[in-house]
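Residues per chain are reported as follows:
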Amino acid sequence: MAELPGGIRQVTLPLPTRPGHVHAYLLPGDDGWTVVDTGVGLPDAKEQWRAELERAGGRVARIFVTHFHPDHVGAAADLHELTGAPVYQGALDYAQCELVWGNPAWSERLLEWFRLHGAPDDVTEELVGQSSVYRPFIRYQKDPILVEAGEMLDGWELIGAAGHADGQLCLLKDGILVAADHLLARITPTVGLWPASRADPLGDYLAALERTAELGPRVALPGHGDVLDDPERRVRELQDHHRVRLEETVAALGTKPRTGFELSLALFGDDLKPAARRFAVAESLSHAERLVWEGIAERHEDDGAVTYTAT
Ligand SMILES: [Zn+2]
């Protein structure tokens with residue numbers, strides 16, 4: 001556990017897949033800690049948290065989930081059982097959490113979706129199998145207290161930061177932004193188009209980055225990797241990264257219709273493991289869709305396939 005300015009504690013929990021760890025945060029308050037994010041609900045999650053909370057001392061007043069990805073929401077129920085503290089989660093984020101993790105039919109929906117975007121059958125099965133790896137370790141809290149961007153939570157303002165997840169919320173107080181996966185120091189947060197996601201996740205993300213720069217936090221606390229002491233510089237780097245990737249997507253499009261899967265081969269190469277291919281397809285699609293919004297690309301839906309061409 002690391003001590004950060006303002007009495008904030010950073011708790012680093014293990015992740016069985018890359019990047020190998022996830023950060024949760026303890027924010028101090030008059031009535032106790034606000035725990036931000038929970039790690040994966042691995043079999044020993046409760047023991048891990050018990051040890052961390054003993055080290056921190058004091059009571060937990062509330063638990064806040066920034067977004068429904070496994071490494072953030074996965075141990076919310078464990079932590080609630082351990083502390084009795086209420087769990088807060090964004091309303092849209094919780095709806096998506098239920099849709100994905102509370103829904104046995106989700107794998108089938110994902111399978112159809114990858115087929116629709118041109119993934120060959122053998123690849124599709126493997127992609128979806130990979131995406132189920134975390135499913136047993138997701139113990140989200142049913143019926144949390146639902147919150148919205150703009151509301152306050154123990155003196156912290158909830159900041160909407162759609163993109164990496166549609167309903168991603170960050171917390172801001174005194175120039176400190178608890179950013180979760182909205183801003184990461186060395187990793188580019190994935191921004192993908194998924195079934196039932198918002199129509200233009202990359203457009204959302206670029207807007208959220210601009211808003212982050214306007215808010216001007218002096219430090220950002222990420223879900224993975226190093227604390228960011230110049231958040232605006234990182235915002236500009238991420239904007240540049242997506243500008244370049246959009247140009248690459250334009251270059252990969254022509255008059256011949258290309259599926260999201262084909263675009264992912266052009267943008268990310270053909271040598272990816274299934275887990276990485278899954279994100280590559282979703283990322284390629286979020287860029288293609290942004291270009292559709294900009295009028296640079298066109299989407300075609302016919303014969304059970306979605307394809308893109310340049311306009
Ligand atoms: Zn995430």
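Residues numbered from 1 in each chain as written. Predicted model: local features only at pLDDT ≥ 70, side-chain atom pairs only at ≥ 80, totals over all residues.

(A) Spatial organisation of the packing of helix α9 (residues 260-268) against helix α10 (residues 274-293). Interaxial distance between α9 and α10 falls to 8 Å at its minimum, and their mutual angle equals 100 degrees. On the basis of their axis angle, the class for α9 and α10 is roughly perpendicular. In this structure, α9 uses G260, F261, L263, S264, L267 and F268 to contact α10, whose residues at the interface are R277, A280, V281, S284, L285 and A288. (Axes fitted to C-alpha atoms, helices over the stretch in contact; angles between N-to-C directions. Helix = DSSP H or I, 4+ residues; strand = E, 2+ residues; numbered from the N terminus. Parallel < 35°, antiparallel > 145°, perpendicular 65-115°, else oblique. Contact = placed C-beta atoms within 7 Å.)

(B) Just the nonpolar core, in detail. If you look at the biggest cluster of nonpolar residues, it comprises 60 residues, and the most contacted ones within it are V35, A76, C170 and V178. The contact partners of V178, leaving out residues within four places of it in the chain, are Y25, V36, C170, L171 and L221. Of all hydrophobic cores here, the second largest spans 17 residues; its members include L253, F261, L291 and Y308. (Core = buried A, V, L, I, M, F, W, Y, C linked by C-beta atoms within 7 Å. Buried ≥ 20, exposed ≤ 12 C-beta atoms within 10 Å, placed from the backbone.)

(C) Spotlight on the pairing of strand β2 (residues 9-14). Pairing of strand β1 (residues 2-3) with β2 involves two bridges; the strand directions are antiparallel. In the strand pairing of β2, E3 is matched with R9. Counted along the chain from β1 to the antiparallel partner β2, the turn is five residues long, and its residue G6 has a positive phi close to 75 degrees. Strand direction decides the pairing type here: β2 and strand β3 (residues 21-27), joined by six bridges, are antiparallel. Paired with R9 across the strands is L26, a residue of β3. Here β2 hands over to β3 after six residues, with G20 in that stretch at a positive phi of 85 degrees. (Pairing = 2+ DSSP bridges.)

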